[in-house]
Amino acid sequence: MPELPEVEVVCRGLRPYLIQRSIVAVHWSDKDLRVPLPRATLPGLIGQRITRISRRAKYLLIHLANGSLLIVHLGMSGRLGIFPANEPVHRHDHVRWLLDTGLEMRLNDTRRFGSVHLLPPDEAGEAEHSFFHACGPEPLSRSCSPEQLQRQAHGRKQAIKTLLMDSRFIAGVGNIYANEALFAAGIHPDSPAHTLDLGDWQRLLDQLRIILDQAIACGGSTISDFLGASGDSGYFQVNFKVYGRTNQNCPNCGQKISKTRTSGRASFFCPSCQQQKKEQASGSTPPQKTESENSETGR
Ligand SMILES: [Zn+2]
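K.L.:
I tried to follow the overall build of the chain on my own but got confused; where do I start?
P.N.:
A count of helices and strands for the chain gives six helices and 10 strands. When the 299 residues of the chain are sorted by exposure, 41% land in the buried category. Within the chain, counting contacts between residues at least 6 apart in sequence, those at least 24 apart form 68% of the total.

Structure, rendered in structure tokens:
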């Protein structure tokens, strides 16, 4: 499933093909994705020029000259790529946008957990605001601060890793990057979120940014492949230090990496480098309060 870095790379990869190009035709399949395709309004894109493409959480935002906004989510298996229009259409190509360059952007999605939304010009600003209303801060944005995260976590007893993966708390962080960031920050994945002090939040945010940036840089090499080979939504091969490394040696101290489950998701950690913080003055509270997980599953 694509996470923030993968979606960011797709965004950067598409940019050179889309900016200032006009859409001359739109085709769609009769299958619905996670939500029905906006078939009634998609033809309104014809004749529109693309002015900007950006990312919010794991959504791609394609801005049109008339003010409307096309939003694409890749779900679990979605891929967006650029193809010559005469290239044969594949079975799971659900939407195709033909550009005035003769190239076509295609959304391929075998499992159909992705989604396409089109916000109309007259209400795009308002609608965008409510669309992303429940979405937490962007970890790579300067406006996201350790103070803000600590405030948001105030009084919350669930495991820090569960909170990190909650898109309402912070945008776009999935299981792999949550594991890696907690290891790099020396924080046990099951630590109750409210026990982290400001220094912990600072280290965690710093390390999360480093890891996300590394993953984006790692995917940068795929950007030149966008033409004819749709953006691969798989994980970039960053050097995982704990993820999937049960019983291998911790790169810091040599202890064996442990595996546990946090809200049903696999957690990998070093028992020596990531000591669990306990609730104050009680000593016997397993902090496994499970909040409803993201709708994302798998792995
Ligand atoms: Zn260690």
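Having seen it, we continue.
K.L.:
Looking at this structure, I do not really get the sheet that holds strand E7 (residues 103-109). What am I missing?
P.N.:
Each strand in a sheet pairs with another by means of backbone hydrogen bonds, the pair being arranged parallel or else antiparallel. Strands sit in the order E1-E6-E7-E5 across an open sheet of four strands; the sheet is antiparallel. Strand pairing shows two members of the sheet lacking a second neighbour, strand E1 (23-28) and strand E5 (78-84), which therefore form its edges. Going across the sheet, the axis of each strand differs from the next one's by a mean of 15°, ignoring polarity. Where E1 meets strand E6 (residues 93-99), five bridges bridge the pair, whose relative direction is antiparallel. If you follow Ala-25 over to E6, its bridge partner there is Leu-98. Sheet contacts for helix H1 (residues 4-18): E5 and E7; angle to E5, the most-contacted strand, approximately 25°.

K.L.:
What's the story with the environment of Lys-259 in this structure? I'm lost.
P.N.:
Inspection of the secondary structure puts Lys-259 in strand E9 (residues 258-262). Taking the C-alpha atoms as reference, Lys-259 lies 8.8 Å from Cys-270; in sequence the two are 11 residues apart. Those residues in contact with Lys-259 that sit more than four places away from it in its chain are Thr-246, Ala-266, Ser-267 and Phe-268.

K.L.:
Is there a simple way to think about the pairing of E5 in this case?
P.N.:
On a regular strand, one side chain projects to one face of the sheet and the next to the other, so that they alternate. Counting buried residues along E5, six of its seven residues qualify, which places the element largely inside the surrounding structure. As defined by bridge partners, E5 adjoins E7 across seven bridges and the pair is classed as antiparallel. Bridging across to E7, Leu-80 finds its partner in Leu-107.

K.L.:
I would appreciate a short explanation of the sheet that holds strand E3 (residues 59-64) in the present structure.
P.N.:
Reading across from one edge, E2-E3-E4-E8 is the order of the four strands in this open sheet, with antiparallel pairing throughout. At either margin of the open sheet sits one strand with a lone partner, and together these are strand E2 (50-56) and strand E8 (115-119). With direction set aside, neighbouring strand axes in the sheet form an average angle of 20°. Sitting on the sheet, H1 touches E2 and E3, and the angle it makes with E2 is about 175°.

Conventions and cut-offs
Residues numbered from 1 in each chain as written. Predicted model: local features only at pLDDT ≥ 70, side-chain atom pairs only at ≥ 80, totals over all residues. Helix = DSSP H or I, 4+ residues; strand = E, 2+ residues; numbered from the N terminus. Buried ≥ 20, exposed ≤ 12 C-beta atoms within 10 Å, placed from the backbone. Contact = placed C-beta atoms within 7 Å. Pairing = 2+ DSSP bridges. Axes fitted to C-alpha atoms, helices over the stretch in contact; angles between N-to-C directions.

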